[in-house]
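Here's the letter readout for the chains.
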Amino acid sequence: MGLRVDIVTIFPEYFASPLGVSLIGKAAVRGDIEFGVHDLRRWARDVHHTVDDMPFGGGPGMVMKPDVWGDALDEIIPAEPPGAARLVVPTPSGVPFSRDMAARYATEPRLVFACGRYEGIDGRVAEAMRARMPVDEVSIGDYVLAGGEAAALVMIEAVARLLPGVLGNASSAGDDSFGGDEGLAVAMRGLLEGPVYTRPRAWREREVPEVLLSGNHAAIARWRRDMALRRTAAHRPDLIRALRDLDRRDQQVLAEAGFTAGEQAAAHPPRPAASGSGLPAAGEGLPAAGFPVSGEDMAH
Ligand code: JD8
């Protein structure tokens, strides 16, 4: 039995197609993941199916009613067996979602996503549920959405990709260097992915980098690491500062990208470049900076 995912929302139609296509759709057909989408209004108590009310203490907008949410979650997550499900509440004020969190969720038997709207869900709901199950209030990023549905979809896709067998053999999540633990992923861990290319070799007078056509795997690996270092330095300097055990070539590339040697050396004395590719041997010394993105899967 794969992972069971339940979603509670006032917009069940929001999930109609995304859960039926591509990687998630195939995983559901294979039974690697099973979905239940529940319309919160089913538990509204009045003829108008009201799920919101004015905020205590005043202020803009409306707040989602605790009694409606309580009844819904009590029915969707029965008390017995205890602790069988983890409740995930998307909220802009939640803990940051991460690859490591996705990996943990991929090992759970059941996840229930409580998707709020309006100004959010009455705070007592999460408190009350915490009495009988783990509850995570999670944010997918520092920007404000109109509700929790999009965030739930982001988290569900990140988790589904890490379920055994879902990614297919093209590239296993293992070498997904966001936290991959195999070969290249370890070397690229903590770096953003560099650019990728496919046919035609020439497009609008733009050539594919020659090294990629060379068949020289060591040179290709070095080139890809250089591009990943440059892109990470440009887009995510915070990740560069988290890197350790950079070899001389890494340091040279980063210096060219504006990272002063002092800055790097202060944090991490340079290590002589490994022979041949200049890449440290897989698993050698590179710490988990915890935020990989390479090894994108081919199973679109
Ligand atoms: C859940 C209601 C809208 C938020 C008043 C706009 C996550 N990273 C994220 N950004 N925004 C959300 C998110 C927004 C939500 C709800 C998640 C439920 N809203 C509210 C507070 C300000 N409106 C999110 N994960």
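For clarity, every value in this text was computed on a predicted model and none was experimentally measured.

### Overview of the overall build of the protein chain
Argument step 1. Of the regular secondary structure elements, the protein chain holds 10 helices and nine strands.
Argument step 2. Sorting the 300 residues of the protein chain into buried and exposed places 44% on the buried side.
Argument step 3. Taking as baseline every contact in the protein chain between residues at least 6 positions apart, the subset at least 24 positions apart corresponds to 73%.
Argument step 4. A total accessible area of about 15400 Å² is found for the protein chain, and carbon and sulfur atoms account for 57% of it.

### Focus on the site of the ligand
Argument step 1. Around the ligand sit 18 residues in total, of which Pro90, Ser139, Gly141, Tyr143 and Leu145 are the nearest.
Argument step 2. Backbone polar atom of Val138 to a nitrogen atom of the ligand: 3.3 Å apart, as the coordinates give it.
Argument step 3. Tyr143 places a main-chain nitrogen or oxygen 2.6 Å from a nitrogen atom of the ligand.
Argument step 4. Look at the ligand: alone it shows 530 Å² of surface, and the protein chains cover 84% of it.
Argument step 5. The element best represented in the shell around the ligand is strand S5 (residues 86–96), accounting for three residues.

### A closer look at helix H9 (residues 248–256)
Argument step 1. Looking only at H9, the buried set comprises Asp250, Gln251, Val253 and Leu254. Down the axis, H9 shows its buried residues gathered within 165 degrees of arc, on one side only. Exposed side chains of H9 directed beyond 90 degrees from the buried face belong to Arg248 and Glu256.
Argument step 2. Its side-chain oxygen placed 2.9 Å from the backbone nitrogen of Arg249, Asp247 serves as the N-cap of H9.
Argument step 3. Note on H9: the residue one or two positions beyond its end, Gly258, has a positive phi of about 100 degrees.

### Things to note about the environment of Arg130
Argument step 1. Its location among the elements puts Arg130 in helix H4 (residues 124–130).
Argument step 2. For Arg130, a relative accessible area of 40% puts it in the partly exposed group.
Argument step 3. Once the C-alpha coordinates of Arg130 and Leu87 are considered, the two residues, 43 residues apart in sequence, prove to be 8.6 Å apart.
Argument step 4. Leaving out residues up to four positions away in the same chain, Arg130 has contacts with Val135 and Glu137.

### So, helix H7 (residues 217–235)
Argument step 1. If you check H7, its first and last C-alpha atoms are 26 Å apart, about what 19 residues at 1.5 Å a residue would give, namely 27 Å.
Argument step 2. Three or more residues of H7 are buried, namely Ile220, Ala221, Arg222, Trp223, Arg225, Asp226, Ala228, Leu229, Thr232 and Ala233.
Argument step 3. The backbone nitrogen of Ala218 has a side-chain oxygen 3.1 Å away, supplied by the residue at the start of H7, namely Asn216.

### With respect to the sheet that holds S5
Argument step 1. Strand order in the open sheet made by the five strands is S2-S1-S6-S5-S7, with parallel pairing throughout. Each edge of the open sheet is held by one strand with a lone partner, namely strand S2 (33–39) and strand S7 (135–139). Averaged over neighbouring strand pairs, the angle between their axes works out to 30 degrees when direction is ignored.
Argument step 2. By the bridge criterion, three bridges tie S5 to strand S6 (residues 110–114) in an arrangement that is parallel. Within the sheet, the bridge partner assigned to Leu87 lies in S6 and is Val112.
Argument step 3. On the sheet, helix H2 (residues 66–76) packs against strand S1 (3–9), S2, S5 and S6 and is oriented at approximately 160 degrees with respect to S1.

### Examining the packing of aromatic side chains
Argument step 1. One pass over the structure, following the stated rule, counts two aromatic pairs.
Argument step 2. Both rings, one in Tyr14 and one in Phe15, keep their centres 5.4 Å apart while their planes meet at 55 degrees; by these two values the pair is tilted.
Argument step 3. Look at Phe15 and you get buried, because its relative accessible area is 2%.
Argument step 4. Measuring from centroid to centroid gives 6.4 Å for Tyr197 and Trp223, while their planes differ by 55 degrees, and the two rings are tilted. Highlighted residues: Tyr197 in the loop between helix H6 (183–188) and strand S8 (202–203) and Trp223 in helix H7, separated in sequence by 26 residues.
Argument step 5. Residue Trp223 is classed as buried on the basis of its relative accessible area of 17%.

### A short note on the pairing of S1
Argument step 1. Of all seven residues in S1, six are buried; the element is thus mostly enclosed.
Argument step 2. Pairing between S1 and S2: seven bridges, direction parallel. In the strand pairing of S2, Leu3 is matched with Ile33.
Argument step 3. For the crossover that starts at S1, traverses helix H1 (residues 22–30) and ends in the parallel S2, the hand is right-handed.

### A closer look at unusual backbone geometry
Argument step 1. Between Arg199 and Pro200 the backbone carries a cis peptide bond, its omega angle lying at 5 degrees.
Argument step 2. Positive phi is not limited to glycine here, since Ser22 has a value of about 50 degrees.
Argument step 3. The residue Ser22 is located in helix H1 in this model.
Argument step 4. One non-glycine residue, Tyr118, adopts positive backbone phi at about 60 degrees.

### Quick notes on the confidence of the model for the protein chain
Argument step 1. Residues of the protein chain with pLDDT of at least 70 account for 80%, and the chain-wide mean is 86.
Argument step 2. Counting interchain partners and residues more than four positions distant, the pLDDT-below-50 stretch residues 275–300 has 77 contacts.

Criteria and thresholds
- Residues numbered from 1 in each chain as written.
- Predicted model: local features only at pLDDT ≥ 70, side-chain atom pairs only at ≥ 80, totals over all residues.
- Heavy atoms only, no water.
- Helix = DSSP H or I, 4+ residues; strand = E, 2+ residues; numbered from the N terminus.
- Buried < 20%, exposed > 50% of the residue type's maximum accessible area, 1.4 Å probe, protein only.
- Contact = heavy atoms within 4.5 Å.
- Areas by Shrake-Rupley, 256 points an atom, 1.4 Å probe, with all protein chains shown as cover.
- Near = heavy atom within 4 Å.
- Polar contact = N/O pair within 3.5 Å; in protein donor to acceptor, adjacent residues only side chain to side chain.
- Arc of directions from axis to C-beta.
- Expected span 1.5 Å × (residues − 1).
- Pairing = 2+ DSSP bridges.
- Axes fitted to C-alpha atoms, helices over the stretch in contact; angles between N-to-C directions.
- Phe/Tyr/Trp six-rings, centres within 6.5 Å; stacked < 30°, edge-to-face > 60°.
- Right-handed = clockwise from strand over helix to strand, strands pointing away.
- pLDDT = per-residue confidence, 0-100.

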